[in-house]
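Fold and geometry: a report
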Amino acid sequence: MDIPEDSVAKAKKTLARMAKQKKSALSGREMVGDLAPEIHARLKDGHGLKVIWYTIIDDLPEAERMTFATFRKYWQRARQELGLTPLKSRTRPPVPAAKGPDRAPPLIAKAFVKGGTTTDFRVDPEGI
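Residues numbered from 1 in each chain as written. Predicted model: local features only at pLDDT ≥ 70, side-chain atom pairs only at ≥ 80, totals over all residues. Heavy atoms only, no water.

How two helices pack is summed up by the angle between their axes together with the distance between the axes. Close contact between helix α3 (residues 49-58) and helix α4 (residues 68-82) brings their axes to 10 Å; oriented N to C, the two are set at 105 degrees. Comparing the axis directions of α3 and α4 gives the class roughly perpendicular. Taking contact as the criterion, the partners of Leu49, Lys50, Ile52, Trp53 and Ile56 in α3 are, on α4, Phe68, Phe71, Arg72 and Trp75. Residues of the contact of α3 with α4, tallied by class, amount to seven nonpolar, no polar and two charged. (Axes fitted to C-alpha atoms, helices over the stretch in contact; angles between N-to-C directions. Helix = DSSP H or I, 4+ residues; strand = E, 2+ residues; numbered from the N terminus. Parallel < 35°, antiparallel > 145°, perpendicular 65-115°, else oblique. Contact = heavy atoms within 4.5 Å. Nonpolar A, V, L, I, M, F, W, Y, C, P; charged D, E, K, R; others polar.)

Shown next, in the form of structure tokens:
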């Protein structure tokens, strides 16, 4: 089967044009995987994951943005693949709950229940 010379020339031009074009955009998973060491370093510095997410998506076009839940899922997967240790989720120590007699009662200690019977509500002024 002979391929006409024009077809070969067109294919070469098309391939050359494709080589000059920009590489396709990274997917969200690839981007988070590439940024994983920097994200881990920022988390160690005390920045929150949501602040980092806002910073990352701020520069992305609308079509390439991801939700925080998706970002967190990609971050957890990238962290596990790279073997980065998870950081503690709480930065502040928990406050102990007040116990003993000086403890404040709950706001609603008991539900309000109307007292009485049905006859208490039915008053017939004319005595019918």
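Quick look at α3 now. Each α-helix winds once per 3.6 residues, and so residues spaced three or four apart point in a common direction. Residues of α3 that are buried include every one of Leu49, Ile52, Trp53, Ile56 and Ile57, and no others. Relative to the axis of α3, the buried residues are bounded by an arc of 125 degrees and lie together on one face. The exposed set on the far side of α3, more than 90 degrees from its buried face, consists of Tyr54, Thr55 and Asp58. Next to the buried residues of α3 lie α2 (28-44) and α4. (Buried < 20%, exposed > 50% of the residue type's maximum accessible area, 1.4 Å probe, protein only. Arc of directions from axis to C-beta.)

What follows is about the confidence of the model for the protein chain. Summarising the model, the protein chain shows a mean pLDDT of 76, and 62% of its residues fall at 70 or more. The secondary-structure element of the protein chain with the lowest mean pLDDT is helix α5 (residues 118-121), recorded at 63, while α4 shows the highest, at 91. (pLDDT = per-residue confidence, 0-100.)

For the rest of this paragraph, the subject is α4. For α4, spanning 15 residues, the distance from its first C-alpha to its last is 21 Å, which sits close to the expected 21 Å at 1.5 Å a residue. Residues of α4 that are buried: Phe68, Phe71, Tyr74, Trp75, Ala78 and Arg79. Within α4, the buried residues cover an arc of 135 degrees as seen down the axis, which keeps them to one side. What points out from α4, more than 90 degrees from its buried face, is the exposed set Gln80 and Glu81. Looking one or two residues past α4, glycine 83 carries a phi angle of roughly 75 degrees, positive in sign. (Expected span 1.5 Å × (residues − 1).)

All right, on to the packing of aromatic side chains then. If you walk through the whole model with that rule in mind, you get two aromatic pairs. With 4.8 Å between their ring centres and 45 degrees between their planes, tryptophan 53 and tyrosine 54 make a pair best called tilted. For tryptophan 53, a relative accessible area of 11% translates into the label buried. On the numbers, 5.5 Å between centres and 65 degrees between planes, the contact of tryptophan 53 with phenylalanine 68 is edge-to-face. With tryptophan 53 in helix α3 and phenylalanine 68 in helix α4, this pair connects stretches of sequence that are 15 residues apart. This pair shows no difference in class: tryptophan 53 is buried, exactly as phenylalanine 68 is. Ring-pair connections join several aromatic residues into one group, and the members of that group are Trp53, Tyr54 and Phe68. The lysine or arginine in question, lysine 50, covers the ring of phenylalanine 68, its NZ or CZ lying 4.9 Å from the ring centre. (Phe/Tyr/Trp six-rings, centres within 6.5 Å; stacked < 30°, edge-to-face > 60°. Lys NZ or Arg CZ within 6 Å of the ring centre and 35° of its normal.)

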